[in-house]
Amino acid sequence: MDTDTAANRLEALGNATRLSVYRLLVKAGEQGLVVGDLRRALDIPPSTLSHHLAHLVRAGLVIQERNGRELVCRADYGVMDSLLGFLTDECCAGGTCAITKTGC
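Residues numbered from 1 in each chain as written. Predicted model: local features only at pLDDT ≥ 70, side-chain atom pairs only at ≥ 80, totals over all residues. Heavy atoms only, no water.

1. Overview of the pattern of salt bridges
Where charged atoms from two side chains of opposite charge come close, those side chains can pair.
Turning to step 1, where the next piece is worked out: One pass over the full model with this rule turns up two salt bridges.
Turning to step 2, where the next piece is worked out: A salt bridge links Arg40 to Asp37, with the shortest nitrogen-to-oxygen separation between them at 2.6 Å. One end of the pair is Arg40 and the other is Asp37, both in helix α3 (residues 35–42) and three residues apart, which spans about a single turn.
Turning to step 3, where the next piece is worked out: Ionic pairing is found between Glu65 and Arg74, a salt bridge with its closest N-O pair at 3.5 Å.
Turning to step 4, where the next piece is worked out: Judged by its relative accessible area of 40%, Glu65 is partly exposed. (Salt bridge = Lys/Arg side-chain N within 4 Å of Asp/Glu carboxyl O. Helix = DSSP H or I, 4+ residues; strand = E, 2+ residues; numbered from the N terminus. Buried < 20%, exposed > 50% of the residue type's maximum accessible area, 1.4 Å probe, protein only.)

In structure tokens, the structure reads:
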């Protein structure tokens, strides 16, 4: 992953509502959540949720799939792992690590 892509994804998560949406999707697991369930869980208007979901989809963090009349949202775990890896891959490469390597 390059720095621009990582910055874009981190920027998408830099909003409290989007971070809450993303955390709920991560918690939901591979089955994801229907948009209506997300909206009820967060108690936000549909248009606000759509705006924030669009941001997360554009950043590549969320996958949406139509299932009949429902729109199911899922966290893209491969992208999440890649972003976390980008942040930690070179942990302590430049000197002594303040945390144990198991924490990296």
